[in-house]
Amino acid sequence: MKLVELKIKGISYNETQSGAYALILSEANGNRNLPIIIGGFEAQAIAISIEEEVKPVRPLTHELFKNFADTFDIVVKKVIIHKLIDGVFFSNLVCEREKIEEIIDARTSDSIAIALKFKAPIFIYDSIMKSAGFTASVKIKNKKNISEDNFIKNYSKNPKKKNILENIESFSKSKLKTLLKKLVVNEDYENAAKIRDLILKK
């Protein structure tokens, strides 16, 4: 199956939902983005890895893993996001020691934090990217003035609406896709990820 390389685009914090972050990954050679919801600890570890000038006084968990691996000559060659079930991404660390390759199951947020420590590439299967990724730019067509469309219209005026899923569980798939496009335009990738997961369940 075809693999697509990903780069880290940034981390978005949702002020309305404490402790929730969206890690934004983008195609290395394309215009699709992939938001992944992560916790505060993982967001901190990834942010520290991105900002190489920031050095914690004592090693954090992912730095400890890197130090341990270096001590025993273990190298993380790459990370592969290989599965998506009910909105949860599954990843593997592809490691090597003495020319023997091993594959280790790990949370995607941990895998990405560790990949940054080793400067290892991050990949995802294209089939997953097609179902879960968003294009960088989209065009929105005008819709008729019904209740769902009013919600979408009002959302664009207030893109940081709290607990967006409380109001849209009954929306049709086509309406959810329209709202998804609005979210991407507004760069609200965290709520876009939630809508994406809801669409996949329908």
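First, a word on what this report is: a plain description of the structure on this page. (Residues numbered from 1 in each chain as written. Predicted model: local features only at pLDDT ≥ 70, side-chain atom pairs only at ≥ 80, totals over all residues. Heavy atoms only, no water.)

We now examine the packing of helix H1 (residues 40-50) against helix H3 (residues 108-118). Where H1 contacts H3, the two axes come as close as 9 Å, and the packing angle between them is 20 degrees. As summarised for this structure, H1 and H3 are arranged roughly parallel, according to the angle between their axes. Taken as a pair, H1 and H3 cross one another with a handedness that is left-handed. Contact residues: Glu42, Ala45, Ile46, Ser49 and Ile50 in H1; Ser109, Asp110, Ile112, Ala113, Leu116 and Lys117 in H3. (Axes fitted to C-alpha atoms, helices over the stretch in contact; angles between N-to-C directions. Helix = DSSP H or I, 4+ residues; strand = E, 2+ residues; numbered from the N terminus. Parallel < 35°, antiparallel > 145°, perpendicular 65-115°, else oblique. Left-handed = near helix turned anticlockwise from the far one by under 90°. Contact = heavy atoms within 4.5 Å.)

Let's shift gears to unusual backbone geometry. With a phi close to 65 degrees, Lys99 is a non-glycine residue in the positive phi region. The topology assignment puts Lys99 in the loop between strand E5 (88-97) and strand E6 (100-107). On the accessibility criterion, Lys99 (80% relative accessible area) is exposed. Its identity is not glycine, yet Lys119 carries a phi of approximately 55 degrees, on the positive side. (Buried < 20%, exposed > 50% of the residue type's maximum accessible area, 1.4 Å probe, protein only.)

Before going further, it helps to examine the pattern of salt bridges. Counted by the stated rule, this structure contains eight salt bridges. One salt bridge in this structure joins Arg32 and Asp126, with 2.8 Å as the shortest N-O distance. Within this pair, whereas Arg32 is found in strand E3 (residues 32-38), its partner Asp126 is found in helix H4 (residues 126-132), the two being separated by 94 residues in sequence. Like Asp126, Arg32 is buried. The exposure class of Asp126 is buried, given its relative accessible area of 10%. When salt bridges with common partners are traced through the structure, they connect Glu27, Arg32, Asp126 and Lys130 into a single cluster. (Salt bridge = Lys/Arg side-chain N within 4 Å of Asp/Glu carboxyl O.)

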